[in-house]
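Residues per chain, in single letters:
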Amino acid sequence: MFRYRVKEKDDSQVIAALKEHSQSHPREGSRKACAALRRQEICINHKKVERLWSEHGLTVPVKRRQRRRGKGLERSPRALYPNHVWAYDFMEDGCINGRKLRILTVVDEFTRESLETYVDESIPATKVIEVLTFLFVLHGHPAYLRSDNGPEFVATAIQEWLGQQQIQTAYIEPGKPWQNGINENFNGRLRDECLNLEVFYGLADARWTIEAYRRYFNEQRLHGALGYVPPAEFKQRWLAEHSKASGALPPHPRDLSLYASEQEEQKQSRLPSTSGPASAPMADRRSGCVPAEPYPPADTDSLIETQEDAKHSKMKPVEVGNPNP
């Protein structure tokens, strides 16, 4: 019995597709190009993509970065679900006319989604509060906000406002930007794939271009840490898988043993005492909010008289259709 294999597309078509992807996204490498071809239902081996990518001079120059101590340390707190931990930071750029631009970037650490890239010539603390208030209306309130110790983030107005919103701050240590690695990673992608490739003629042009990149980053750009899917698609999948949840995450199995003894004590306290008076039935299945009270003692004389009256009483016959005889 012979088995026929589906042939891959010709090398010329694959090369044309790879060159088109490289022109559209000049800062992306062969791995993202291979993932993009597979999402277009093109069956191709990643080794072949790497070989064609290298043979036709499409390799992106790798930037060597200095290795820092403590870069692999775990962030505290760690994002466990969407809207758990947000991170925000500032970037700077300029227009062709020499005017300076400031960019406020806000990222959800769990989904890697860019929530905002606000651009203006100056962004004081009051403007930061306005941007965050707008984001809270769109996405809800996060539990933590991670940032560095810049003057805009440690301002008194910011601290008081976050206290009113019941949002905790997670400041990184001074001089350690890798503790805010997810936001720094987005800032690096924004700088490498947008700011360094574009020329801004004014504030309106910069806002339109950066907002277009933010939407591309969320809806189309493949993210390696998310399994080569865009952040928006990853968020939709996660919410679909956890749609039946009540809203609160289940406890970790490791933490259940800490409360086992306490729960056993509460259960024993709700059980009726064997030496005391008899309690109401099903007392051991009550919620524990209202203690079960014993039944009051019955009056034996009144109970006997009631039974004798019931024996001697005669029911009057009632004709059908005549309720008042």
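In case you missed it, the structure is sitting above this.
Residues numbered from 1 in each chain as written. Predicted model: local features only at pLDDT ≥ 70, side-chain atom pairs only at ≥ 80, totals over all residues. Heavy atoms only, no water.

Draft legend 1. Examining the sheet that holds strand 3 (residues 114–120) more closely. Strand order across the open sheet formed by five strands is 3-2-1-4-5, with mixed pairing between neighbours. In this open sheet, the two strands that pair with only one neighbour each are strand 3 and strand 5 (168–171). The mean angle between the axes of side-by-side strands here comes to 25 degrees, regardless of whether they run parallel or antiparallel. Relative to strand 2 (residues 100–108), strand 1 (residues 85–94) runs antiparallel, the two sharing nine bridges. Bridge pairing links M91 to I103 in strand 2. Along the sheet face, helix 7 (residues 203–219) touches strand 2 and strand 3 and points at about 170 degrees away from the line of strand 3. (Pairing = 2+ DSSP bridges. Helix = DSSP H or I, 4+ residues; strand = E, 2+ residues; numbered from the N terminus. Axes fitted to C-alpha atoms, helices over the stretch in contact; angles between N-to-C directions. Contact = heavy atoms within 4.5 Å.)

Draft legend 2. Inspection of the pairing of strand 5 at higher detail. Two strands pair when backbone bridges link them, and strand 4 (residues 144–147) and strand 5 are joined in this way by four bridges, in the parallel orientation. Bridging from a neighbouring strand, R146 pairs with A170 of strand 5.

Draft legend 3. Focus on helix 2 (residues 30–39). With seven of ten residues buried, helix 2 is to be regarded as a mostly interior element. Listed in full, the buried residues belonging to helix 2 are S30, K32, A33, C34, A35, A36 and L37. Tucked inside the fold, the buried residues of helix 2 contact helix 1 (11–24) and helix 3 (46–55). Where helix 2 ends, the next residue or the one after it, E41, has phi of about 65 degrees, a positive value. (Buried < 20%, exposed > 50% of the residue type's maximum accessible area, 1.4 Å probe, protein only.)

Draft legend 4. Seen up close, unusual backbone geometry. Backbone geometry places N83, a non-glycine residue, at a positive phi of 65 degrees. As for its placement among the helices and strands, N83 is situated in the loop between helix 3 and strand 1. The backbone phi angle of Y228 is positive, close to 55 degrees, even though this residue is not glycine. Tracing the chain through its elements places Y228 in the loop between helix 7 and helix 8 (231–241). The exposure class assigned to Y228 is partly exposed, which follows from its relative accessible area of 28%.

Draft legend 5. Spotlight on the side chain of D93. Relative to the assigned elements, D93 resides in strand 1. A residue is classified by how much of its surface remains accessible, and D93, at 18% relative accessible area, is buried. Engagement of the side chain of D93 in a polar contact is seen with the side chain of R191, the distance being 2.9 Å. Filtering out sequence-adjacent residues up to four positions away, D93 remains in contact with R99, K100, L101, R191, L195 and F200. (Polar contact = N/O pair within 3.5 Å; in protein donor to acceptor, adjacent residues only side chain to side chain.)

Draft legend 6. Inspection of the nonpolar core at higher detail. Core analysis: the largest hydrophobic core is formed by 22 residues, its most contacted members being Y88, L104, V128, L132 and I158. Listing elements by their share of this core, those giving two or more residues are strand 1, strand 2, strand 3, helix 4 (125–139) and helix 5 (156–164). With seven residues, the top contributor of residues to this core is helix 4. Residues within four places of V128 in sequence aside, it is in contact with Y88, F90, L104, I123 and I158. (Core = buried A, V, L, I, M, F, W, Y, C linked by side-chain atoms within 4.5 Å.)

Draft legend 7. Spatial organisation of the packing of helix 6 (residues 181–195) against helix 7. Where helix 6 contacts helix 7, the two axes come as close as 11 Å, and the packing angle between them is 120 degrees. When the interaxial angle is binned, helix 6 and helix 7 end up oblique. You can see that helix 6 and helix 7 cross each other, and the crossing is right-handed. Residue-level inspection shows F186, R189, L190, E193, C194 and L195 of helix 6 in contact with helix 7, the latter providing T209, I210, Y213 and F217. (Parallel < 35°, antiparallel > 145°, perpendicular 65-115°, else oblique. Left-handed = near helix turned anticlockwise from the far one by under 90°.)

Draft legend 8. Layout of the packing of aromatic side chains. Summed over the entire model, instances satisfying the criterion amount to nine aromatic pairs. A centroid spacing of 4.9 Å and a plane angle of 75 degrees characterise the contact between F186 and F217, whose relative ring orientation is edge-to-face. Here the residue F186 occupies a position in helix 6, and F217 occupies one in helix 7, the gap between them amounting to 31 residues. Here F186 falls in the buried class, since its relative accessible area comes to 2%. An aromatic cluster is built from F186, Y213, Y216 and F217, whose rings are joined through pairwise contacts. It is R102 that lies over the ring of F90; its NZ or CZ is 4.4 Å from the centre. (Phe/Tyr/Trp six-rings, centres within 6.5 Å; stacked < 30°, edge-to-face > 60°. Lys NZ or Arg CZ within 6 Å of the ring centre and 35° of its normal.)

Draft legend 9. Representation of the environment of E198 in the model. Note that E198 resides in the loop between helix 6 and helix 7. The exposure class assigned to E198 is partly exposed, which follows from its relative accessible area of 40%. Through-space distance from the C-alpha of E198 to that of T209 is 8.2 Å; in sequence the pair is eleven residues apart.

Draft legend 10. Region of the structure containing the pattern of salt bridges. Going through the model one piece at a time under the given rule, you end up with 13 salt bridges. Here R99 makes a salt bridge to E121, at a shortest N to O gap of 3.2 Å. Of this pair, R99 sits in the loop between strand 1 and strand 2 while E121 sits in the loop between strand 3 and helix 4; the two residues are 22 residues apart in sequence, bridging distant segments of the chain. Residue classification places E121 among the partly exposed residues on the basis of a relative accessible area of 34%. For E193, the salt bridge is made with R221, and the minimal N-O distance between the two is 2.9 Å. In this pair, E193 is assigned in helix 6 and R221 in the loop between helix 7 and helix 8, connecting sequence segments 28 residues apart. (Salt bridge = Lys/Arg side-chain N within 4 Å of Asp/Glu carboxyl O.)

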